[in-house]
Amino acid sequence: MVTQSRRSGIEPFHVMDVLKAAGERSRAHGDLVSLAAGQPSTPAPTPVLAAAREALGSHLLGYTEALGIPELREAIARYHHERSGVAVDADDVIVTTGSSGGFTLIFLAAFDAGDTVVMARPGYPAYRNTLAALGCRVVEIDCGADTRFQPTVEMLEEHTRRAGAAPAGLIVASPANPTGTVIDPAGLAALARWCEEHGTLLVSDEIYHGIEFSSGADAGGPAPGGPAPDGPAPDGPAGRAEALPPTSSAWETSREAVVMGSVSKYFSMTGWRLGWMLVPRGLRRAVDRLTGNMNICPPALSQVAAVAAFSPESRAELDAHVRRYARNRALMLEGLPSIGIGDLAPADGAFYVYADIGHLTRDSLRWSTGLLRDTGVAVTPGVDFDTRRGGATIRMSFAGAEEEIAEALDRMGSYLPHRA
């Protein structure tokens, strides 16, 4: 009899079940409004599509160099320099099969089975589940509204004191999934310095860079305090406009960190499965050996076309998407409290609103299933992101069309009084 490995017994990514159910709803009723998918609702930029068509007619599109084609690595290096002012060489860049493939590569290159890696709770579940499958010990640190749902040096110090040793790794995401919160530049710099001083590898997930918002007031909505770990923020979510922190890169402080990037989010190219890493010199050969064996190379067509994603023409198109996200964000931050969902994470960047619905349910998976069944609105249950309190939270994407956001709020507003 064929048996499964112990490492395959990790938690599923529940949002994939939601997306499957949403697809069934769409086929059966034709009335789906999805706030569940963590992806843009727009195609790749026009120059990328043109480059792909040209490549199909004129390129062999065979194997490339394992670490990525030189033209793309150079374009990514220039992008980081223009965005953060950091001198990045093409040799610093390793192109990967999506950022997901990059995480697997860096985890394998840097961590051994039994190593401790720290991440925030709530946080992106694939970090936890991939590390667990590789035999690492994942420690989730509870992060609440008082730290914008982000880890701090003080939290790392406390973990180290309790454990008797610094962790092998720390994963941070800014802007974060699911909360959309940003680590302020001073805070990220402090984390990067602490990790370098303690021999802890900082893995900085920066795939949502480019999608940031100036302030709650500027976006047309409140700057909410968000749910605290055990309930709503004491001051409530609304009525406190505040300047949101700008995004910064871990490489502005430490080149011993790993920076993760992707064409999926800001660049609107999720299905092209292309990511990249800025990798410290001491880990590059290890990643090279692993990716050559595991992947051979990233997708050739995606690499050739993605060079055009960094052009001024593409960036203008993409920045227009971000302006639409900002309008959608304002709709949600204004509309959700008016229908009884008022405890929201700050939504500094990315395209998510993370909401506490503990006054409605403690089973967000069941609640989300009922919402989809009764209204055709799909949201993501928080159980993916928070292993302790996710039953009382949901994540909603505002990456769709403005009219879809308005329709979703209208349907939810009609539904919620009957479930409160």
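Residues numbered from 1 in each chain as written. Predicted model: local features only at pLDDT ≥ 70, side-chain atom pairs only at ≥ 80, totals over all residues. Heavy atoms only, no water.

Attention now goes to the pattern of salt bridges. Tallying each qualifying case throughout the model produces 16 salt bridges. Its salt-bridge partner being R128, residue E140 comes within 3.1 Å of it at the nearest N-O pair. Placement of E140 in strand 4 (residues 137–142) and of R128 in helix 5 (residues 125–133) is noted, with a sequence separation of twelve residues between them. Where E407 meets R411, a salt bridge forms, and the shortest distance between an N and an O atom there is 2.8 Å. With E407 and R411 both in helix 12 (residues 402–415) and four residues apart, this pair spans about one turn of that helix. (Salt bridge = Lys/Arg side-chain N within 4 Å of Asp/Glu carboxyl O. Helix = DSSP H or I, 4+ residues; strand = E, 2+ residues; numbered from the N terminus.)

Another aspect to go through is the sheet that holds strand 9 (residues 343–344). The sheet built from four strands is open, its strands ordered 9-10-13-12 with antiparallel pairing. Each of the sheet's edge strands pairs with one partner strand only, and the pair in question is strand 9 and strand 12 (380–381). Pairing analysis gives two bridges linking strand 9 to strand 10 (residues 352–356), with the strands arranged antiparallel. Its bridge partner lying in strand 10, L344 is registered against A355. (Pairing = 2+ DSSP bridges.)

Time to look at the nonpolar core. F267 and M396 are the most contacted members of the largest nonpolar core, which has 84 residues in total. Sort the elements by how many residues they give to this core and helix 10 (residues 312–338) lands first, with six residues. Each of two domains, domain 1 (6–44 + 316–414) and domain 2 (62–213 + 247–311), supplies a minimum of three residues to this core. In contact with M396, not counting residues within four places along its chain, are L35, M332, L336, F351, Y352, V353, A355, V379 and M412. (Core = buried A, V, L, I, M, F, W, Y, C linked by side-chain atoms within 4.5 Å. Buried < 20%, exposed > 50% of the residue type's maximum accessible area, 1.4 Å probe, protein only. Domains from an automatic or database assignment. Contact = heavy atoms within 4.5 Å.)

Structural measurements only, silent on function.
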